[in-house]
Amino acid sequence: MGSGNLTIDLDALTANWRSLDAMTDCETAAVVKADGYGLDAGRVARALAKAGARRFFVAVAEEGAAVRQALGPGPEICVFGGHMRGDTDMIHDLHLVPILNSLNQLTRHFEALPNAPFGIQLDTGMNRLGMEAPEWAAVRDIVLPQNPVLVMSHLACADEPDHDMNASQLAAFRDMTDGIDAPRSLAATGGILLGADYHFDLTRPGIGLYGGLPFADARPVVHLSLPVIQTRDLAAGETVGYGNVWRAEQPAKIATVSGGYADGLIRALSGKATFWHDDTPCPLVGRVSMDLITVDITRLNEAPTHLDLITPQQTVDDLAEMAGTIGYEILTSLGPRYARRYAGGFAA
């Protein structure tokens, strides 16, 4: 095949969910937004539902529709983006639960779908989504008798355990919610790792399910292998790729693999990432281009048919560090040209 192979280990995914679930004494949901972090929300959600997850979170109603189609009736699907204009029919027909973020959304939902389930998001200092303390104080006595299914907030710095913001947001969340009967949620993956004070009634792991930091003990979920299109021998002094940015200091053998920034292998990886052939590292040389990457395979005894980029030796977080970004961006950028293979007992 001319495109790369992206293998998704659904057994590892569900093992990560179980591990995070075992760290708490509350319900553990699953975040499957951004098409299941780029791995197919339907497949991911079905595997997690079989493992025991009963509540799922997406970013927008359209994502909720795809997850509902995959799961059928029963599991609760919550929409972080809330009740946007034009979402009413979708929310009603597909039994989605909007997490309301503002007074405007609150009014829209109560007027359009009275008695329909909803959640509330509060802003405890991130200044992104949710009602601030004065807004919440003004409406809480109206909202709480309507029985929200969840009252939540989101931590800004949970991946830095010693950051002062964590304790500040925890205190703000308690100030805004202590004494209410509605279920509460503050922790995503990082918040789970901060300990029981942050767990409340429900946690919402995302990146940790998919093998990413800050869940350092997560099992790897993705493996990416790219086919070799052509190999060539270079004499000392010859250059490779756009801009002549890499020059062979001695005779070298170069493999050109199928993949590039159109596939989510961002240009910032140029000259930094390593490909692997079994246990032998092969450095990426030259610039990453749209569809092609060149790799130094001089150390190999034979021309390979493929080279691996995301492996146990080099995770999405390793690639992210090389590129000056985060594992989330690498994972969610993996493009549609890859042939996706789902492995494990949950792949059926």
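Preceding block: the structure.
In this report, the structure presented in the accompanying data block is examined. If you're wondering where the values come from, they're calculated on a predicted model, not measured in any experiment. (Residues numbered from 1 in each chain as written. Predicted model: local features only at pLDDT ≥ 70, side-chain atom pairs only at ≥ 80, totals over all residues. Heavy atoms only, no water.)

Right, let's talk about the nonpolar core for a bit. Leu48, Phe275 and Leu307 are the most contacted members of the largest nonpolar core, which totals 84 residues. Tallying contributions element by element places helix α3 (residues 41–51) first for this core, with seven residues. Discounting chain neighbours no more than four positions away, the residues touching Phe275 are Leu226, Val257, Thr280, Pro281, Cys282, Leu284, Ile293, Val295, Leu307, Asp308 and Leu309. (Core = buried A, V, L, I, M, F, W, Y, C linked by side-chain atoms within 4.5 Å. Buried < 20%, exposed > 50% of the residue type's maximum accessible area, 1.4 Å probe, protein only. Helix = DSSP H or I, 4+ residues; strand = E, 2+ residues; numbered from the N terminus. Contact = heavy atoms within 4.5 Å.)

Glancing now at the pattern of salt bridges. Under the counting rule described, the total for this entry stands at seven salt bridges. Between Asp178 and Arg174 there is a salt bridge; the shortest N-O distance is 3.7 Å. On the accessibility criterion, Asp178 (40% relative accessible area) is partly exposed. Given the relative accessible area of 30%, Arg174 is considered partly exposed. For the salt bridge of Asp263 with Arg337, the shortest nitrogen-to-oxygen distance reads 2.8 Å. (Salt bridge = Lys/Arg side-chain N within 4 Å of Asp/Glu carboxyl O.)

A separate point is the side chain of Asp123. Among the structural elements, Asp123 can be located in the loop between β7 (119–121) and α7 (133–143). Buried charge without a partner: Asp123 forms no salt bridge, and the closest opposite charge is Arg128, 8.4 Å away. One polar contact links the side chain of Asp123 to the main-chain amide nitrogen of Met126, over a distance of 3.1 Å. Excluding residues within four positions of it along the chain, Asp123 makes contact with Arg128, Leu129, Gly130, Met131, Glu132, Ser153 and Met176. (Lys, Arg positive; Asp, Glu negative; His and termini not counted. Polar contact = N/O pair within 3.5 Å; in protein donor to acceptor, adjacent residues only side chain to side chain.)

Another aspect to go through is the packing of aromatic side chains. Tallied over the entire structure, the rule returns five aromatic pairs. Here Phe110 and Phe118 contribute two aromatic rings whose centre-to-centre distance is 5.2 Å and whose plane-to-plane angle is 70°, an arrangement assigned as edge-to-face. Using a relative accessible area of 2% as the deciding quantity, one classes Phe118 as buried. Here Phe173 and Phe200 contribute two aromatic rings whose centre-to-centre distance is 5.1 Å and whose plane-to-plane angle is 90°, an arrangement assigned as edge-to-face. Linking Phe173 in helix α8 (residues 164–177) with Phe200 in the loop between α9 (189–194) and β10 (202–203), this pair joins segments that are 27 residues apart in sequence. Grouping residues by exposure puts Phe173 and Phe200 together as buried. Three or more aromatic residues joined by ring pairs make a cluster, and in this case those are Tyr37, Tyr210 and Tyr328. (Phe/Tyr/Trp six-rings, centres within 6.5 Å; stacked < 30°, edge-to-face > 60°.)

For the bond running from Leu213 to Pro214, omega is 20°, close enough to zero to count as cis. If you trace the backbone, Pro214 turns up in the loop between β10 and β11 (222–234). Phi at Asn147 is positive, roughly 60°, even though this residue is not glycine. By the secondary structure assignment, Asn147 is in the loop between α7 and β8 (150–152). We classify Asn147 as exposed; its relative accessible area is 59%.

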